[in-house]
Amino acid sequence: MATAMVYAQHPQGHRDYSYTSREWKQIARSYPDEFFMTPEARRIAQNVLDYQRNTGGWPKNLPIHRELGEERKVILADKKKRNDSTTDNDATITEMTYLARLYNILSAQNNPDDKEDLKKYKEAFLKGVDFMLSGQYKNGGWPQFWPENRGYQVHITFNDNAMVQTLKVIRDLRDGKAPFKNLIDEKLKKRLSNSFEKGVECILNTQIVVNGEPTVWCQQHDRVTLKPTAARSFELASYCSSESASLVRLLMEIPHPDSRIKAAVHGAMKWFEAHKLMGIRVETYKNENGQYDRRVVEDANAGPLWARYYDFETEQPFFCDRDGIPRKHLSEIGYERRNGYGWYSDGPANLYKRYEKWKKLYDQP
């Protein structure tokens, strides 16, 4: 309730935002229900509608909640763009979440004056659902951008959990889970169910198998061969720990897993255990130039950590600058990439307790 009161007390009826895409995600996901009954919520909703491309999707990394002036004309002209719609970095997912919350909260008020607005919000939301489903390859994967893309954007994209987040929305829509309820019919529900099953099949088919043993995944996989492939110059084909942890978590959330899902989870957890790094941590410090910098230091009490990338041949961690040359140590790459990318993760560590419960529930003799 506190947030709604802040809006009511502001002279212009809204907060002085920092206008970042992170703030926009917080509004869509975390603001209390009371906020969605304010005029400010509808002002933002109009921005959401205006930013939606004719494809049904939205571009990424935009503070959509910010005040718009003359630039609204440019935004409306950009609606015809076909190469910047994506679910990467939670784009489209965030906007759909906002529209779903707004629709359900206003619907519950049962105010006849809201009828036209509710119609617009629902139509935009369903266009977003169609956009998601339209991007799925026959093999079950999604590219980074669609319907038009270029270069590495065409690959099946696990990077930054884009495909996992897409599948979670599809699953929650199928199951009528909040905030995605009261918005789809049975026909669409069936399409969503088929899409989720195809997505899981793609995950299983892209898992890297070594000597008959399933391991983990790469950040990107070729849309035709399903083999690991590179993306940006510093994102080489490799075993990738961070995105693999999210894929395993999704697989463990599937009720009554079959033998293939069980094998995939067991194989990945075995790989995580074999490749964890103990006795080191990443710290931020001020370097000799007075800049905040990152370095790896020894700490007997630290760990486990996982490097983001592991080489296919040596199975050892590596780090890469924009020159595309893999190096053994974080200190060997330049300042910009060293500090502008997540080279280590403790994500797999969060799976261990869940994995033990999962085994007791689904994999007892």
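See above for the structure.
In this report, the structure presented in the accompanying data block is examined. In every chain, residue numbers begin from 1 and rise along the written sequence. Under the rules for a predicted model, residues below a pLDDT of 70 receive no local features and side-chain atom pairs below 80 are neither given nor counted, while totals for whole chains, interfaces and linings still include all residues. By convention in this description, side-chain values take in all heavy atoms of the structure and omit both hydrogens and water.

Quick look at the overall build of the protein
Alright, step 1. Secondary structure elements are taken from DSSP: a helix is a run of H or I of four residues or more, a strand is a run of E of two residues or more, and numbering for both begins at the N terminus. Scanning the protein from terminus to terminus reveals twelve helices and twelve strands.
Alright, step 2. When we talk radius of gyration, it's over C-alpha atoms, and the globule rule is simply 2.2 Å times the number of residues to the 0.38. What you see for the protein is a C-alpha radius of gyration of 22 Å, in line with the 21 Å of a compact globule of 365 residues.
Alright, step 3. Its C-alpha atoms give the protein principal-axis dimensions of about 65 × 55 × 40 Å.
Alright, step 4. Pairs at least 24 apart in sequence give 68% of the contacts found in the protein among residues at least 6 apart. By the convention used here, residues are in contact when the closest approach between their heavy atoms is within 4.5 Å.

Points about the pattern of salt bridges
Alright, step 1. Only one rule defines a salt bridge in this text: a Lys or Arg side-chain nitrogen within 4 Å of an Asp or Glu carboxyl oxygen. The final tally for this structure, using the stated rule, is 31 salt bridges.
Alright, step 2. Here Lys-73 ties to Glu-70 by a salt bridge, and the two come within 3.2 Å at their closest N and O atoms. Judged on exposure class, the residue Lys-73 and its partner Glu-70 are both exposed.
Alright, step 3. Beyond isolated ion pairs, a larger network of salt bridges with shared partners links Arg-42, Asp-114, Asp-117 and Lys-120. Throughout, exposure labels follow a simple rule: accessible area from a 1.4 Å probe, protein chains only, divided by the maximum for the residue type, with under 20% read as buried, over 50% as exposed, and the rest as partly exposed.

Remarks on the packing of helix 6 (residues 115–134) against helix 7 (residues 162–175)
Alright, step 1. Direction vectors running N to C along helix 6 and helix 7 enclose 125 degrees, while the axes themselves pass 11 Å from each other. The orientation of helix 6 with respect to helix 7, classified from their angle, is oblique. Both helix 6 and helix 7 take part in a crossing whose hand is left-handed. On the side of helix 6, the interface is formed by Phe-125, Val-129, Met-132 and Leu-133, while helix 7 contributes Thr-166, Val-169, Ile-170 and Leu-173.
Alright, step 2. Residues are grouped as follows: Ala, Val, Leu, Ile, Met, Phe, Trp, Tyr, Cys and Pro are nonpolar; Asp, Glu, Lys and Arg are charged; all remaining types, including Gly, are polar. Taken together, the residues of the contact of helix 6 with helix 7 break down into seven nonpolar, one polar and no charged. What counts as an axis is a line fitted to C-alpha atoms, over the stretch in contact for a helix, and the angles between N-to-C directions run from 0 to 180 degrees. Here the angle decides the label: under 35 degrees means roughly parallel, over 145 means roughly antiparallel, 65 to 115 means roughly perpendicular, and every other value means oblique. Crossing handedness: left-handed means the near helix sits turned counterclockwise from the far one by under a right angle, and right-handed means the same turn made clockwise.

Side note on helix 6
Alright, step 1. Take the number of residues in a helix, subtract one, and multiply by 1.5 Å to get its expected span. Here helix 6 contains 20 residues, and its C-alpha end-to-end distance of 29 Å stays within 8% of the 28 Å for a straight helix at 1.5 Å per residue.
Alright, step 2. Of the residues making up helix 6, those classed as buried are Asp-117, Leu-118, Tyr-121, Ala-124, Phe-125, Gly-128, Val-129, Phe-131, Met-132 and Leu-133.
Alright, step 3. Where helix 6 is buried, its residues contact helix 3 (39–51), helix 5 (93–109), helix 7 and helix 8 (186–206).

Describing the side chain of Arg-171
Alright, step 1. Looking at the secondary structure, you find Arg-171 in helix 7.
Alright, step 2. On the basis of relative accessibility, which here comes to 14%, the residue Arg-171 falls in the buried class.
Alright, step 3. Here a polar contact is recorded for every N or O atom pair within 3.5 Å, except that within protein the pair must consist of a potential hydrogen donor and a potential acceptor, and residues adjacent in sequence are included only if both atoms are side-chain atoms. A polar contact of 3.3 Å, which involves the side chain of Arg-171, links it to the side chain of Asp-172.
Alright, step 4. Residues in contact with Arg-171, not counting those within four places in the same chain, are Phe-196, Leu-250 and Glu-253.

Here's the deal with the packing of aromatic side chains
Alright, step 1. Between rings of Phe, Tyr and Trp, where Trp is taken as its six-membered ring, a pair exists when centres lie within 6.5 Å; planes separated by under 30 degrees are stacked, by over 60 edge-to-face, and by other angles tilted. Overall, the coordinates contain 21 aromatic pairs when judged by the stated rule.
Alright, step 2. Geometrically, the ring pair formed by Tyr-239 and Phe-312 is edge-to-face, given 4.9 Å between the ring centres and 80 degrees between the ring planes. Taken together, the residues Tyr-239 in strand 5 (residues 239–240) and Phe-312 in the loop between strand 9 (309–310) and strand 10 (319–320) connect sequence positions 73 residues apart.
Alright, step 3. Accessibility expressed as a relative area gives 3% for Tyr-239, which makes it buried.
Alright, step 4. Since its relative accessible area comes to 30%, Phe-312 is described here as partly exposed.
Alright, step 5. Among the aromatic residues, those joined into a ring-pair cluster are Phe-234, Tyr-309, Phe-318, Phe-319, Tyr-341, Trp-343 and Tyr-344.
Alright, step 6. Looking at Arg-174, its charged tip hangs above the ring of Phe-196, at a distance of 5.0 Å from the centre.
Alright, step 7. Criterion for a charge above a ring: Lys NZ or Arg CZ within 6 Å of the ring centre, and within 35 degrees of the ring normal. One Lys or Arg, Arg-295, reaches over the ring of Tyr-285 and ends 3.8 Å from the middle of that ring.

Comments concerning the pairing of strand 7 (residues 292–298)
Alright, step 1. Pairing between strands is defined by DSSP: at least two bridges between them are needed. Alignment of strand 6 (residues 280–286) against strand 7, held across seven bridges, turns out to be antiparallel. Across the sheet, residue Arg-281 finds its bridge partner in strand 7, namely Val-297.
Alright, step 2. Following strand 6, the chain reverses through five residues before pairing antiparallel with strand 7; Gly-290 in that reversal takes a positive phi of roughly 80 degrees.

Examining the nonpolar core
Alright, step 1. Counting 93 residues, the largest nonpolar core has Tyr-98, Leu-251 and Phe-272 as the members making the most contacts within it.
Alright, step 2. The element contributing the most residues to this core is helix 5, with nine residues.
Alright, step 3. With residues up to four places along the chain from it excluded, the contact list for Phe-272 reads Val-216, Ser-241, Ser-244, Ala-245, Val-248, Trp-306, Pro-348, Leu-351 and Tyr-352. Each nonpolar core is a collection of buried residues, namely Ala, Val, Leu, Ile, Met, Phe, Trp, Tyr and Cys, held together in the definition by side-chain atoms within 4.5 Å.

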